[in-house]
Amino acid sequence: MIRVRQIKCSIDNNSIDTLKKKVCNKLHIKESDIKSFKINKESIDARKELMYVYEIDIDTDAKIKYDNDIIEVNEIKYSIDVTGNKSIDKIYIIGSGPAGLFTAYTLSNLGYKVVVIERGSDVDTRIKDVDKFWLSNKLNINSNVQFGEGGAGTFSDGKLNTLVKDKLGRKEHILKIFVENGADPSILYKNKPHIGTDILCKIVKNMRNKIIENGGEYRFNSLLEDIIIKDNKLDSIIVNGETIKCNALILAIGHSARDTFKMLYDKKINMSAKPFALGVRIINPQSIINKAQYNTDKLGSADYKLTYTTKNNRGVYSFCMCPGGYVVNASSEENYLAINGMSYSKRDSGCANSAIVVTVSPKDYGDNPLDGIKFQRELESKAYNLGNGNIPIQNYLDYKNNIESTKLNFEPCIKGNYKLSNLNLLFPEYINDSLKEGIDYFNTKISKFNEGILCGIESRTSSPIRIERDDNMESSIKGIYPIGEGAGYAGGITTSAIEGLKISEVIASIYKN
Ligand SMILES: Cc1cc2nc3c(=O)[nH]c(=O)nc-3n(C[C@H](O)[C@H](O)[C@H](O)COP(=O)(O)OP(=O)(O)OC[C@H]3O[C@@H](n4cnc5c(N)ncnc54)[C@H](O)[C@@H]3O)c2cc1C
């Protein structure tokens, strides 16, 4: 296969015909010489004139002169060989987020009998529970933005980009599975692919149906409550009071399963405190971001990525930016409030939002494995009280001047109720100072950024815990395989899904299908 790089097109004329002509010109071949044509990558170059830049893969028998932009590549096809010879009845997977879901999908395709145990509801029921919560503040502690079918990734922007290096083709394999199950095929080549909550809800259901067709089982509203260990080896699990014999447990519980972390800690599984980040979400009119990034609305809703190091050496950065999205009340415990961001596939809310977070580490909150959760809870409880159960919000400039907002600068796009507040009361001084220093700096990068509205509290950026595991992904308790974001090995949908593939490779190397 021949990869042709640096094919540039104006943003008004990037049709397949145009691309084919440009490829032919570059290769000095005729269109009829092209036997297959595929866009491998599309990115935007905004440095001078706004352009799309493409990498195109073609097959041809015509004679080609190679150079830096015309190279030969081999297609990488990801696959797993089953080499294991130990017998196993069923593989139990706790959690149906991207890590658990991709494990179940992959293993059931290989012929293993999988059982997915999920504390939350199926996605259709979950959508109703979440809508009810956003309207009435009535929280279902097991079916919410964090818990339920599809995990934390279901109500999200569905950004799929990751910086992970991937020689084996796992990333592409994951994107292909998303497409097979309902995502737009353009995610296969967009530089920053995203799916959106509306489509993700359909995808997780389609994937579940395939797992069940393959002989897999799903148990919703089923909580892993306890584990029984014999001779440092997993013997059984207790789910909704039922004891189930279990030799292989994939623990894909996400970063919000605080009760489960506590249970595992009490069972003396090796775990440690891990640095994470917390702060606020800032909402701006999408138009100011489009103007700053591309000076046009033609490319849809633009994103941004901002980083800063404070005078005191704290990292402040934008995280999980949601173009054309909504800030959402993403709480999962009574009387504690946490927010996040999501968007629909069209990203057309008219608002941009992003977390602006400050790095924190065990030095700030203690190095007992559960101290990070304690710290998150302290702040989430304050946020709940500050907003009287609603999302506390404030114009950034009022926050900077330490005065409660009385009127918002514009109508914010938020799912969930909110209340005008003073977020200075929420954070320790070092976080307030860092956020102010950071946002003032970001205002030098994006004009009018400081006219944004802040919402609190963004506290669940990543897991505050790492569950230790060996090279075979097995924990200090044999038979338990902690994976994904909660275990501290992933930070997003794609990296969590990659964990699902990796653990499937391990299982296939140990057990017969
Ligand atoms: C609102 C929001 C927006 C986001 N946007 C993006 C984005 O655009 N792009 C991106 O890459 N990432 C995004 N993320 C982060 C991403 O969703 C997570 O990184 C990812 O979902 C982690 O996958 P996971 O499978 O490890 O865990 P999770 O998705 O958290 O799944 C864990 C699952 O385990 C279940 N569970 C937990 N404990 C138990 C138990 N004891 N018994 C039974 N079941 C249990 C939970 O109910 C949950 O469904 C977003 C997160 C949120 C909340």
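Structural data are supplied above this passage.
Now for a look at the structure at hand.

Calculation criteria
- Residues numbered from 1 in each chain as written.
- Predicted model: local features only at pLDDT ≥ 70, side-chain atom pairs only at ≥ 80, totals over all residues.
- Heavy atoms only, no water.
- Helix = DSSP H or I, 4+ residues; strand = E, 2+ residues; numbered from the N terminus.
- Buried < 20%, exposed > 50% of the residue type's maximum accessible area, 1.4 Å probe, protein only.
- Polar contact = N/O pair within 3.5 Å; in protein donor to acceptor, adjacent residues only side chain to side chain.
- Contact = heavy atoms within 4.5 Å.
- Near = heavy atom within 4 Å.
- Areas by Shrake-Rupley, 256 points an atom, 1.4 Å probe, with all protein chains shown as cover.
- Nonpolar A, V, L, I, M, F, W, Y, C, P; charged D, E, K, R; others polar.
- Axes fitted to C-alpha atoms, helices over the stretch in contact; angles between N-to-C directions.
- Parallel < 35°, antiparallel > 145°, perpendicular 65-115°, else oblique.
- Phe/Tyr/Trp six-rings, centres within 6.5 Å; stacked < 30°, edge-to-face > 60°.
- Disulfide = S-S within 2.5 Å.
- Salt bridge = Lys/Arg side-chain N within 4 Å of Asp/Glu carboxyl O.
- Expected span 1.5 Å × (residues − 1).
- Arc of directions from axis to C-beta.
- Pairing = 2+ DSSP bridges.

When you line up the elements, Asn329 lands in strand E16 (residues 326-329). Note on Asn329: relative accessible area 2%, which makes it buried. In this structure the side chain of Asn329 is engaged in a polar contact, spanning 2.6 Å, whose partner is the side chain of Ser331. Setting aside anything within four residues of it in sequence, one finds Asn329 in contact with Phe133, Trp134, Val145, Leu337, Ala338, Ile339, Gly389, Ile391 and Lys415.

Taken together, 37 residues sit near the ligand, with Glu118, Ala152, Thr260, Glu485 and Ile493 positioned nearest. The backbone of Arg119 places a nitrogen or oxygen atom 3.0 Å from a nitrogen atom of the ligand. At 2.2 Å, a side-chain N or O of Glu485 approaches an oxygen atom of the ligand. For the ligand, the accessible surface in isolation is 1000 Å², of which the surrounding protein chains cover 96%. Counting only elements with at least two residues in the shell around the ligand, the list comes to helix H2 (98-109), strand E17 (339-342) and helix H12 (493-510). Counted by class, the shell around the ligand contains 15 nonpolar, 17 polar and five charged residues.

Direction vectors running N to C along helix H4 (residues 170-180) and H12 enclose 105 degrees, while the axes themselves pass 10 Å from each other. Here H4 lies roughly perpendicular to H12, going by the angle between them. Across the interface between the two elements, Arg170, Lys171, His173, Ile174 and Phe178 from H4 touch Ile493, Thr494, Ala497, Ile498, Leu501, Lys502 and Glu505 from H12. The class makeup of the residues in the contact of H4 with H12 is six nonpolar, two polar and four charged.

For the rest of this paragraph, the subject is the packing of aromatic side chains. Enumeration according to the criterion identifies 13 aromatic pairs in this entry. Between the aromatic rings of Tyr218 and Phe220, the centroid separation amounts to 5.3 Å while the plane-to-plane angle is 40 degrees, which identifies the pairing as tilted. Neither Tyr218 nor Phe220 differs from the other in exposure class; each is buried. For the ring pair Phe442 and Phe449, a centre distance of 6.3 Å and an interplane angle of 80 degrees mean the geometry is edge-to-face.

Time to look at the state of the cysteines. Per the stated rule, a full pass over the model turns up one disulfide. Cysteine Cys201 shares no disulfide, and the gap to the nearest cysteine sulfur, in Cys322, comes to 15 Å. A residue is classified by how much of its surface remains accessible, and Cys201, at 9% relative accessible area, is buried. Not part of a disulfide, Cys322 finds its nearest cysteine sulfur in Cys320, a span of 4.4 Å.

Attention now goes to the pattern of salt bridges. For the structure shown, the criterion picks out 30 salt bridges. Among the ionic pairs, Asp57 bridges to Arg3, the shortest N-O distance being 2.8 Å. With Asp57 in strand E3 (residues 51-60) and Arg3 in strand E1 (residues 2-10), this pair connects stretches of sequence that are 54 residues apart. Like Asp57, the residue Arg3 is buried in the burial classification. Linking Asp440 and Lys400 is a salt bridge whose minimum nitrogen-to-oxygen distance equals 3.0 Å. Here Lys400 lies in helix H10 (residues 396-400) and Asp440 lies in helix H11 (residues 429-442), a separation of 40 residues in the sequence. Here the salt bridges share partners, and the residues they tie into one network are Arg258, Glu333, Arg377, Glu380 and Arg460.

Here we come to helix H5 (residues 197-213). Under the 1.5 Å per step criterion, the end-to-end length of H5 is 25 Å for 17 residues, consistent within 8% with the ideal 24 Å. Of all the positions in H5, only Thr197, Leu200, Cys201, Ile203, Val204, Met207, Arg208 and Ile211 are classed as buried. Here the buried residues of H5 occupy an arc of 165 degrees about the axis, which is enough to place them on one side. Among the exposed residues of H5, those oriented more than 90 degrees off its buried face are Lys202 and Glu213. Lining the buried residues of H5 we find H2, strand E6 (114-117), helix H3 (123-136), H4, strand E7 (217-219) and E17. Two residues or fewer after H5 comes Gly215, characterised by a positive phi angle close to 100 degrees.

This paragraph deals with the sheet that holds strand E22 (residues 453-458). Strand order in the open sheet made by the seven strands is E14-E15-E18-E13-E22-E19-E21, with mixed pairing throughout. The open sheet has two free edges, formed respectively by strand E14 (307-309) and strand E21 (418-420), since each of these has just one partner strand. Within the sheet, the average angular offset between the axes of one strand and its neighbour, ignoring direction, is 30 degrees. Pairing geometry for strand E15 (residues 315-322) and strand E18 (residues 351-360), over five bridges, is antiparallel. For Val316, the partnering residue across the bridge sits in E18 and is Val358. Lying on the sheet, helix H9 (residues 371-386) is in contact with strand E13 (276-285), E18, strand E19 (391-395), E21 and E22; it crosses E13 at an angle near 35 degrees.

Keep in mind these numbers describe shape, not what the thing actually does.
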